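# Summary of structural features
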Amino acid sequence: MSSGSPIILVINPGSTSTKIALFAGLKCRFETELKHDPKVLATFDCIIGQCEYRREALVNFLRTHRISLESIDVFIGRGGLLRPVPGGIYEVNDAMLADLKSCRYGEHASNLGAILTDAFARSVGRRAYIADPVVVDELSDVARVSGHPDIPRRSIFHALSQKAVARKAARRLGKPYEKCNLIVGHLGGGITIGAHQKGRVVDVNNALDGEGPFTPERTGALAALPLYRYATERNMTVQQVYKFMTRSGGLLAHLGTNDCRLIEQEVAAKDPKFALVYDAFVYQVAKAIGAMAAALSGKVDAIVLTGGVTRGAIFLRKLKGMVRFIAPVHVIIRNTEMEALAAAALDAHRGAQEVKSY
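The structure presented is a predicted model; accordingly, all values stated were derived computationally and were not measured.

What counts as what
- Residues numbered from 1 in each chain as written.
- Predicted model: local features only at pLDDT ≥ 70, side-chain atom pairs only at ≥ 80, totals over all residues.
- Heavy atoms only, no water.
- Helix = DSSP H or I, 4+ residues; strand = E, 2+ residues; numbered from the N terminus.
- Rg over C-alpha atoms; globule rule 2.2 N^0.38 Å.
- Buried < 20%, exposed > 50% of the residue type's maximum accessible area, 1.4 Å probe, protein only.
- Contact = heavy atoms within 4.5 Å.
- Areas by Shrake-Rupley, 256 points an atom, 1.4 Å probe, with all protein chains shown as cover.
- Pairing = 2+ DSSP bridges.
- Axes fitted to C-alpha atoms, helices over the stretch in contact; angles between N-to-C directions.
- Lys, Arg positive; Asp, Glu negative; His and termini not counted.
- Salt bridge = Lys/Arg side-chain N within 4 Å of Asp/Glu carboxyl O.
- Polar contact = N/O pair within 3.5 Å; in protein donor to acceptor, adjacent residues only side chain to side chain.
- Phe/Tyr/Trp six-rings, centres within 6.5 Å; stacked < 30°, edge-to-face > 60°.
- Lys NZ or Arg CZ within 6 Å of the ring centre and 35° of its normal.

## What about the overall build of the protein?
When helices and strands are tallied, the protein shows 13 helices and 12 strands. For the protein, whose C-alpha radius of gyration is 20 Å, the value lies close to the compact-globule estimate of 21 Å for 358 residues. When the backbone C-alpha atoms are referred to their principal axes, the protein occupies close to 55 × 50 × 50 Å. The proportion of buried residues among the 358 residues of the protein is 53%. Sequence-distant contacts, at least 24 apart, represent 68% of the contacts inside the protein between residues at least 6 apart. With the model as given, the accessible surface of the protein reaches about 16,500 Å², and the carbon-plus-sulfur share is 53%.

## Quick word on unusual backbone geometry
Phi is positive for Cys 103, close to 55°, though the residue is something other than glycine. In this fold, Cys 103 is placed in the loop between helix 3 (94-101) and helix 4 (111-123). A positive phi angle, close to 70°, is found at Lys 270, a residue other than glycine. Assignment of secondary structure puts Lys 270 in the loop between helix 10 (260-268) and helix 11 (272-295). Lys 270 sits in the exposed class, given a relative accessible area of 70%.

## Looking at the sheet that holds strand 9 (residues 200-204)
If you trace the five strands from one edge of the open sheet to the other, you get 9-8-7-10-11, paired in mixed fashion. The sheet terminates laterally at strand 9 and strand 11 (329-331), the two strands that pair on one side only. On average, adjacent strands in this sheet sit at an angle of 25° to one another, irrespective of strand direction. Two strands pair when backbone bridges link them, and strand 7 (residues 181-187) and strand 8 (residues 191-197) are joined in this way by seven bridges, in the antiparallel orientation. By the bridge assignment, Val 184 is partnered in strand 8 with Gly 194. Helix-sheet contacts for helix 6 (residues 159-173) involve strand 7, strand 8, strand 9, strand 10 (302-306) and strand 11, and the interaxial angle to strand 7 is about 135°. Each of strand 7, strand 8, strand 9 and strand 10 is contacted by helix 11, which is oriented at about 20° to strand 8, the strand it contacts most.

## Thoughts on the side chain of Arg 126
Note on placement: Arg 126 falls in the loop between helix 4 and strand 6 (128-131). Salt bridges are absent for the buried Arg 126, whose nearest opposite-charge side chain, Asp 73, sits at 4.8 Å. At 3.1 Å, the side chain of Arg 126 forms a polar contact with the backbone oxygen of Val 124.

## Section: the packing of aromatic side chains
Going through the model one piece at a time under the given rule, you end up with seven aromatic pairs. Measuring from centroid to centroid gives 5.6 Å for Phe 30 and Phe 61, while their planes differ by 55°, and the two rings are tilted. Placement of Phe 30 in strand 3 (residues 27-35) and of Phe 61 in helix 2 (residues 51-64) is noted, with a sequence separation of 31 residues between them. Ring centres of Phe 281 and Phe 315 lie 5.2 Å apart, and the angle between their planes is 40°; this geometry places the pair in the tilted category. With Phe 281 in helix 11 and Phe 315 in helix 12 (residues 313-323), this pair connects stretches of sequence that are 34 residues apart. Residue Phe 281 shares its accessibility class with Phe 315, and that shared class is buried. Of the aromatic side chains, those joined through ring pairs into one cluster are Phe 214, Tyr 278, Phe 281 and Phe 315. Looking at Arg 83, its charged tip hangs above the ring of Tyr 358, at a distance of 4.3 Å from the centre. Cation over ring: Arg 234 sits above Tyr 230, and NZ or CZ is 3.6 Å from the ring centre.

## Looking at the pairing of strand 1 (residues 7-13)
Here strand 1 lies mainly inside the structure; seven of its seven residues are buried. Going residue by residue along strand 1, you find Ile 7, Leu 9, Ile 11 and Pro 13 tucked away on one face and Ile 8, Val 10 and Asn 12 tucked away on the opposite face as well. Pairing of strand 1 with strand 2 (residues 17-24) involves seven bridges; the strand directions are antiparallel. Counterpart to Pro 13 in the pairing with strand 2 is Thr 18. Between strand 1 and strand 2, which pair antiparallel one after the other, the connecting turn spans three residues. When strand 1 meets strand 4 (residues 74-78), the two strands line up parallel, connected through four bridges. Each residue of the ladder has a partner; that of Leu 9, found in strand 4, is Phe 75.

Below you can see the structure in the form of structure tokens.
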């Protein structure tokens, strides 16, 4: 164990990369993103099949930078698709690992967070944690009701990212998060936009179930009957439909790329197809923000945006122009997920916050 500030390793798997960071207390020693070859990822039938490939990439990175697992005091990873739970810190246990490996509640790259983190922690006799997983459920009762009782709405979203930037925005406003009404949008490969009412996310689109705007690589909401016809005409399995909706839709399907930097270059060059699709992308995000304003009865202190898409100057200018009438727009480009995970790990290590059992 280290003397002084505990050393914390943070692992955050995304759809095409794995972020890794090392903290001494809350001071970040380094943070990097290991990009994975899309062609290699495409060879795996499922997300869990990528586990060993990603683990080896992490091991090689740590070895190259001469970081031994024995020097690390606390391990924490991004939480995945579990049963609905309240927000907070959870120790990784066998029940959690079983649900993640079987994809009992859904398949997503975040499922690998606890699995990879636990493997490293167990190898040196340490504990592994997750915090504010994507299944944090604080929906209002009315938000759960869908158009059919057999298919209620589920709360699955970028809870860690949204909660972290919401608290940061609240500090800018000079108010506790628990006293703010905020619309928070995580805009990346997946997009979720939530209504934060006094510390609770009372409504949010579930991007994994196909709700919300289309994204750089997801279809977003599609009309149900045409989607059913499309899938049945091609004899698609549920797994194939899921892949179609989450990995090969959105900007990628329309324009052949999910790289918003390249797309903005084409828009700036006046390519009419790129301009139309990109405008539609902004339009759908703006509509989703408007829906969450209604969920908060129009009482909104601020709109808070984060994620890689917000780095696009054209996107941001157009979106602000459409939604600033609702509330002031705060953009927090820096990804605070790693900081939020490190803070949770530090609290768990020091006993400053209750560690919950899954």
